[in-house]
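Listed below are the residues making up each chain.
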Amino acid sequence: MLGVIIYLCTGPLERADQTASVVSSLAALLGVPPAAVVLWQLWHRRPVTSRSVLEEAAGQLALALRNQWDAEAAVRRINDPYPLPVAWQPADSELQEHWPHLRELARSWPGGPPGDPARWPQDASGLAGQGAAIGEMFTDRVPTRRLVILGEPGSGKSVLLMRLLQDLLARRTDGDPVPVLFSLAFRLSDACPVRRASERPARETRQAGPWTTR
């Protein structure tokens, strides 16, 4: 997997941050209905035949998500009475892709790199930061804009993701992608055809072919 892995530093408000981590999956699931309603209404209102209609749908989806996650942040009180302190630093080098390779990969993408190469740091140490800078770090300092967040329970992973999402939505302009936060565990057992071989009947395992997980 290509990308940059960062490790979260546990802040002093560990208990409050851990609560945010515990409910992150539920919050992600709660994020699905508003977006689904917006898309359903636009789909049934008129055919999607032009770019303007797609941009309108994207704009309405972005607005719904922004309102939803602003409300979620208020409920979790991640900025009340002051922003929960969350800092991060690059993970150990053995967990990262070689930095020069990431820079070269981003430069070789069709259409050019996703960001300005002049703002990329010389190495992964330039990714360290804290607080609301997560959005700027992701868009300007990660060459491939691919990120994996690792951290202990309560270290602030969910809070960091919410801040990243809010920042991307706040800075979004017409035509930009719409960032969406959801849980990879959502219905994964039903959606994914791959199961452990030990969980499958012997006859099914023999016929499973290349999808069998070992």
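Given the structure is predicted, the values throughout are model-derived calculations rather than measurements.

1. Brief notes about the packing of helix α6 (residues 134-141) against helix α7 (residues 157-171)
Then step 1. Contact pair α6 / α7: the axes reach a minimum separation of 8 Å and the direction vectors enclose 65°. The orientation of α6 relative to α7 falls into the category roughly perpendicular. The hand of the α6/α7 crossing is right-handed. Within the contact between the two elements, α6 uses Ile134, Gly135, Glu136, Phe138 and Thr139 and α7 uses Leu160, Arg163, Leu164, Asp167, Leu168 and Arg171.
Then step 2. Across the contact of α6 with α7, the residue classes break down as five nonpolar, two polar and four charged.

2. A word on unusual backbone geometry
Then step 1. A cis amide bond, omega 5°, links aspartate 80 with the succeeding residue proline 81.
Then step 2. As for its position among the elements, proline 81 is in the loop between α4 (51-76) and β2 (87-90).
Then step 3. A positive phi angle, near 60°, is found at arginine 77, a position not held by glycine.
Then step 4. Tracing the sequence through the fold places arginine 77 in the loop between α4 and β2.
Then step 5. Arginine 77 gets classed as partly exposed once you look at its relative accessible area, which sits at 48%.
Then step 6. One non-glycine residue, arginine 145, lies in positive phi territory at about 55°.

Each value, and the rule that gives it
- Residues numbered from 1 in each chain as written.
- Predicted model: local features only at pLDDT ≥ 70, side-chain atom pairs only at ≥ 80, totals over all residues.
- Heavy atoms only, no water.
- Axes fitted to C-alpha atoms, helices over the stretch in contact; angles between N-to-C directions.
- Helix = DSSP H or I, 4+ residues; strand = E, 2+ residues; numbered from the N terminus.
- Parallel < 35°, antiparallel > 145°, perpendicular 65-115°, else oblique.
- Left-handed = near helix turned anticlockwise from the far one by under 90°.
- Contact = heavy atoms within 4.5 Å.
- Nonpolar A, V, L, I, M, F, W, Y, C, P; charged D, E, K, R; others polar.
- Buried < 20%, exposed > 50% of the residue type's maximum accessible area, 1.4 Å probe, protein only.

The quantities given are spatial measurements derived from coordinates; they are silent on function.
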